[in-house]
Each structure stands twice: as structure tokens, then as C-alpha cells.
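Chain and residue survey
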Amino acid sequence: MGDQLIFTYVIDGNDFTRAGEASSSVKNKLKMLGVNSEAIRKVAIAMYEGEINMVIHADGGTITVTISDSDITMVLADTGPGIPDVEKAMQEGYSTAREEVRSLGFGAGMGLPNMKRFSDEMDIRTVIGKGTTITMKVYL
């Protein structure tokens, strides 16, 4: 490939009907580029979980995906409330999702753990009252 491909997606907050469209779009682009199926699976799952988190907790945000010869980098940036306790949020099953969100089948507390599990690198920067930026990388 040689060059980088960059895609940016705007995620709407509280719109569960469209949640997952960005990760689905990236998955299709990676398939067309001939990226190996294991990397595609990791990117799709990690990005989907992040996308859902942005809808549930942060009133949306942006996802920028950079595809290079060596890796796929996803930067998920929101202006939500921030994560008060990242260590706690990383625990499987811990969730601050509202009851109505849980009734839709979301908010089981697996978002961040799955994002970490399905990315090769993950960095969380969060400021209370300002938002969260999560950077994930999947190596090719």
C-alpha cells in the first residue's frame, strides 16, 4: 500500500439504530483492501465496542481510522463526562449504563475490556467533564 488511508466517522449520541455503522464500514473497507481476516475481526469488535460506548456514555464523538502497512489505528474521541475510575471501568461486568440502555441489551460492562482484548495496544486519556480519547492499534 505504501501510503496511509484515513477515514473519519461522526458518531451520533443516543442513536442505537445507527450504532455499529462505522465499524461495519471499516470492516468492509479492510476486506476490500485484502487485510487478513483475524486483523479485520479484531478491528471490527474493538471499534464496535468503542462506538457503542460513545453512544451510551458520551453523546457521540468522532472515530478516526488510519490504515497503514504496519497497523490499523483507531482514535475514538468524545466530549462526554469522562471516566471517573478507568481501573474500575476496565473490570468485566462493571457498567454505569442507565437502565433503559441495559433494557436494549447494551451496557453489560464488557465494552472497555473487549476493546483491550481485541486490540494490540490501547491507550485511554480521560478528563472529567471534558471527554475521553481512546487510541487502539491492531498490528498487521
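Whatever comes next refers back to the structure up there.
These notes cover the structure that comes with them. If you're wondering where the values come from, they're calculated on a predicted model, not measured in any experiment. (Residues numbered from 1 in each chain as written. Predicted model: local features only at pLDDT ≥ 70, side-chain atom pairs only at ≥ 80, totals over all residues. Heavy atoms only, no water.)

What follows covers the overall build of the protein. Across its full length, the protein carries five helices and five strands. Against the compact-globule benchmark of 14 Å for 140 residues, the protein has a radius of gyration of 14 Å, which places it among compact chains. With respect to the principal axes defined by its C-alpha atoms, the protein has extents near 45 × 30 × 25 Å. A total of 140 residues make up the protein; the buried ones form 44% of that total. Sequence separation of at least 24 residues holds for 63% of the intrachain contacts in the protein that already meet a minimum separation of 6. For the protein, the exposed area adds up to about 7400 Å²; of that, 50% sits on carbon and sulfur atoms. Distance between charge centres in the protein, computed from 14 positive and 19 negative side chains, equals 2 Å. (Helix = DSSP H or I, 4+ residues; strand = E, 2+ residues; numbered from the N terminus. Rg over C-alpha atoms; globule rule 2.2 N^0.38 Å. Buried < 20%, exposed > 50% of the residue type's maximum accessible area, 1.4 Å probe, protein only. Contact = heavy atoms within 4.5 Å. Areas by Shrake-Rupley, 256 points an atom, 1.4 Å probe, with all protein chains shown as cover. Lys, Arg positive; Asp, Glu negative; His and termini not counted. Charge placed at Lys NZ, Arg CZ, Asp CG, Glu CD.)

So, on to unusual backbone geometry. Not every positive phi belongs to a glycine, and Asn14 is a case in point at roughly 60 degrees. Secondary-structure assignment places Asn14 in the loop between strand E1 (5-12) and helix H1 (21-32).

Moving on to H1. Each turn of an α-helix holds 3.6 residues, which means side chains three or four residues apart point in the same direction. When the terminal C-alpha atoms of H1 are compared, their 17 Å separation across 12 residues agrees well with the 16 Å that a helix rising 1.5 Å per residue should span. For H1, every residue scored as buried is listed here: Ala22, Ser23, Ser25, Val26 and Leu30. Relative to the axis of H1, the buried residues are bounded by an arc of 155 degrees and lie together on one face. Seen from the open side of H1, the exposed residues pointing more than 90 degrees away from its buried face are Lys31 and Met32. (Expected span 1.5 Å × (residues − 1). Arc of directions from axis to C-beta.)

A word on the nonpolar core. The biggest cluster of nonpolar side chains holds 34 residues, and the ones touching the most others in it are Leu30, Met47, Val65, Met74 and Met136. Going through the elements one at a time, E1, H1, helix H2 (37-57), strand E2 (60-67), strand E3 (71-77), helix H5 (111-117) and strand E5 (131-139) are the ones with two or more residues in this core. Setting aside residues up to four positions removed in sequence, Met74 forms contacts with Val43, Met47, Thr64, Val65, Ile134, Thr135, Met136 and Val138. (Core = buried A, V, L, I, M, F, W, Y, C linked by side-chain atoms within 4.5 Å.)

Turning our attention to the pattern of salt bridges. If charged atoms from side chains of opposite charge come close, those side chains can pair. As enumerated under the stated definition, the model contains eight salt bridges in all. Residue Lys42 is joined to Asp120 by a salt bridge in which the shortest nitrogen-to-oxygen separation is 2.7 Å. Residue Lys42 is located in helix H2, and its partner Asp120 is located in the loop between H5 and strand E4 (121-127); the two are separated by 78 residues in the primary sequence. The class of Lys42 is buried, set by a relative accessible area of 16%. Three or more residues are tied together by salt bridges with common partners; here these are Asp12, Arg18 and Glu21. (Salt bridge = Lys/Arg side-chain N within 4 Å of Asp/Glu carboxyl O.)

What follows is about the sheet that holds E4. The strand order E1-E2-E3-E5-E4 describes an open sheet built from five strands, whose pairing is antiparallel. Two strands close off the open sheet at either side, each with one partner strand: E1 and E4. Across the sheet, the mean angle from the axis of one strand to that of its neighbour is 10 degrees, orientation sign disregarded. Bridge count for E2 against E3 is six bridges, and the pairing is antiparallel. Each residue of the ladder has a partner; that of Thr66, found in E3, is Thr73. Lying on the sheet, H1 is in contact with E1, E2 and E3; it crosses E1 at an angle near 160 degrees. Running over the sheet, H2 touches E1, E2, E3 and E5 and is turned about 5 degrees from E3. (Pairing = 2+ DSSP bridges. Axes fitted to C-alpha atoms, helices over the stretch in contact; angles between N-to-C directions.)

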